[in-house]
Amino acid sequence: MIGQMKDRIRVVHVNKIDNGRGGFRRNEVEIGTFWGAIEETSGRNLVEYRQAEMRTNTRIRVRKDSRITRQCELYSRGQKYEIEEIIDEGAYLNILAVGEHIGE
């Protein structure tokens, strides 16, 4: 499995703090950089996720780390990934996420 984890993924925990005016302020805490495998979901999977009302377009596999939660954002390959679901697979996490290009 180590040979398949070729993507460096930066993980950031995001806290949204009420600003007292109806909005919020983002507080980001860097968790670390991990090796993982990023794959775009196939057309068949996209249909399944949409039927479940998920926007998922990417599957990310990383070694299990309890600090990675749904409140985290992942960054890799010039993309920001918002986590929709985390599936615990023993020693690994299978993360279903929505990836979007971040402008340069």
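Just so it is clear, the structure is predicted and the values come from calculations on it, not from any experiment.

1. Describing the nonpolar core
- One finds Ile9, Val11, Ile60, Val62, Ile68, Leu74 and Ile95 to be the most contacted residues of the largest nonpolar core, which totals 15 residues.
- Going through the elements one at a time, strand E1 (7-18), strand E2 (24-40), strand E3 (58-63), strand E4 (72-76), strand E5 (79-88) and strand E6 (92-101) are the ones with two or more residues in this core.
- Dropping the residues within four chain positions of it, Val62 is found in contact with Met5, Ile9, Trp35, Gly36, Ile68, Tyr92, Leu93 and Ile95.

2. A few points about the packing of aromatic side chains
- Summed over the entire model, instances satisfying the criterion amount to zero aromatic pairs.
- When the ring centre of Tyr75 is taken as origin, the NZ or CZ atom of Arg10, which lies over that ring, is 4.6 Å away.
- Residue placement shows Arg61 over the ring face of Tyr92; its charged tip is 4.5 Å from the ring centre.

3. Focus on the pattern of salt bridges
- Taken as a whole and assessed by the stated rule, the structure comprises nine salt bridges.
- In this structure, the salt-bridge partner of Glu39 is Arg59, at a minimum N-O distance of 3.8 Å. A residue pair is termed long-range when its members are at least 10 positions apart, and Glu39 in strand E2 and Arg59 in strand E3 qualify at 20 residues.
- With relative accessibility at 44%, the residue Glu39 sits in the partly exposed group.
- Between Lys80 and Glu82 there is a salt bridge; the shortest N-O distance is 3.6 Å.
- Each of Arg26, Glu28 and Glu73 takes part in a single network of salt bridges with overlapping partners.

4. Some points on unusual backbone geometry
- Look at Arg77: it is not a glycine, yet its phi comes out positive at around 55 degrees.
- Tracing the sequence through the fold places Arg77 in the loop between E4 and E5.

Analysis parameters
Residues numbered from 1 in each chain as written. Predicted model: local features only at pLDDT ≥ 70, side-chain atom pairs only at ≥ 80, totals over all residues. Heavy atoms only, no water. Core = buried A, V, L, I, M, F, W, Y, C linked by side-chain atoms within 4.5 Å. Buried < 20%, exposed > 50% of the residue type's maximum accessible area, 1.4 Å probe, protein only. Helix = DSSP H or I, 4+ residues; strand = E, 2+ residues; numbered from the N terminus. Contact = heavy atoms within 4.5 Å. Phe/Tyr/Trp six-rings, centres within 6.5 Å; stacked < 30°, edge-to-face > 60°. Lys NZ or Arg CZ within 6 Å of the ring centre and 35° of its normal. Salt bridge = Lys/Arg side-chain N within 4 Å of Asp/Glu carboxyl O.

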